[in-house]
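# What the coordinates show
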Amino acid sequence: MERNDLLGGDVVVRNLRPSDLEIRLIGSVESFGKEPVAAIAAQEGLAGFVRILPPLPRSEVLREYAEAAVLLSLPQDSHYAIPSKVFEYMRQPCWILAQ
């Protein structure tokens with residue numbers, strides 16, 4: 001068992017392989033701040049697990065949502081608005097992870 005510090009939290013990795021778990025990020029998500037997301041994933045030991053997809057047509061995004069086990073809504077700049085994607089997420093038969 002290996003512990004990693006992922007953006008401030010502890011993650012326990014239990015012999016998972018990229019074929020067991022894939023984290024798909026869709027859209028203009030190549031970097032977080034000024035650091036490439038691929039570099040962050042590599043630093044955290046998750047390089048093989050993270051797949052970055054370009055912006056997709058709405059029909060393909062909805063297909064990705066429908067296939068997901070968990071959908072993630074990252075923190076936004078405003079504390080007074082709910083991203084519209086959260087409402088799209090609520091229509092899907094899976095878990096939603098949001099802050």
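Use the structure listed above.
Quick summary incoming for the structure in this document. All values derive from a computational prediction rather than experimental measurement. (Residues numbered from 1 in each chain as written. Predicted model: local features only at pLDDT ≥ 70, side-chain atom pairs only at ≥ 80, totals over all residues. Heavy atoms only, no water.)

### Observations regarding the pairing of strand E8 (residues 95-98)
Applicable threshold: When DSSP finds two or more bridges between two strands, those strands count as paired. Think of it this way: any DSSP run of H or I at least four residues long counts as a helix, any run of E at least two long counts as a strand, and we number them from the N terminus. The handedness rule is simple: strands pointing away from the viewer, and a clockwise path from the first strand over the helix to the second, make the crossover right-handed.
As defined by bridge partners, strand E7 (residues 70-73) adjoins E8 across four bridges and the pair is classed as parallel. By the bridge assignment, Leu 71 is partnered in E8 with Ile 96. Taken together, E7, helix H3 (residues 84-89) and E8 constitute a β-α-β crossover, and its handedness is right-handed.

### What to know about helix H2 (residues 58-67)
Quick note on the threshold: Categorising residues by exposure relies on relative accessible area from a 1.4 Å probe, with only protein chains included: less than 20% of the type maximum marks a residue as buried, more than 50% marks it as exposed, and the intermediate range marks it as partly exposed. As used here, the arc is the angular range of directions from the helix axis to the C-beta atoms. Note on contacts: a residue pair is in contact if any heavy atoms of the two residues lie within 4.5 Å.
Listing the buried residues of H2 in full gives Val 61, Glu 64 and Tyr 65. Angularly, the buried residues of H2 cover 100° about the axis, an arc narrow enough to put them on a single face. Of the surrounding elements, those touching the buried residues of H2 are strand E3 (23-26), strand E6 (50-53), E7 and H3.

### Considering the environment of Arg 91
Among the secondary structure elements, Arg 91 is positioned in the loop between H3 and E8. A residue is classified by how much of its surface remains accessible, and Arg 91, at 72% relative accessible area, is exposed. Spatially, the C-alpha atoms of Arg 91 and Tyr 65 are 9.3 Å apart, while their sequence positions differ by 26 residues.

### Section: the side chain of Gln 92
Relative to the elements of secondary structure, Gln 92 occurs in the loop between H3 and E8. Each residue touching Gln 92, except ones within four places of it in the same chain, is listed here: Tyr 65, Ala 66 and Leu 71.

### Overview of the layout of surface pockets
Stated formally: Note on definitions: the grid is 1 Å and covers protein atoms alone; a cavity is a set of points where a 1.4 Å probe fits but cannot get out; a pocket is an open set with protein on both sides within 12 Å along at least five of seven lines; lining residues have an atom within 4 Å of a point. Grid points are joined across faces, edges and corners, and a volume is the space filled by probe spheres set on the points. The residue classification treats Ala, Val, Leu, Ile, Met, Phe, Trp, Tyr, Cys and Pro as nonpolar and Asp, Glu, Lys and Arg as charged. All others, Gly included, are polar.
Roughly 220 Å³ of internal volume is contained in the second largest pocket. Taken together, Ser 73, Leu 74, Pro 75, Gln 76, Ser 78, His 79, Ala 81, Ile 82, Pro 83, Val 86, Ala 98 and Gln 99 make up the full set of residues lining the second largest pocket. Classifying every residue of the lining of the second largest pocket gives seven nonpolar, five polar and no charged.

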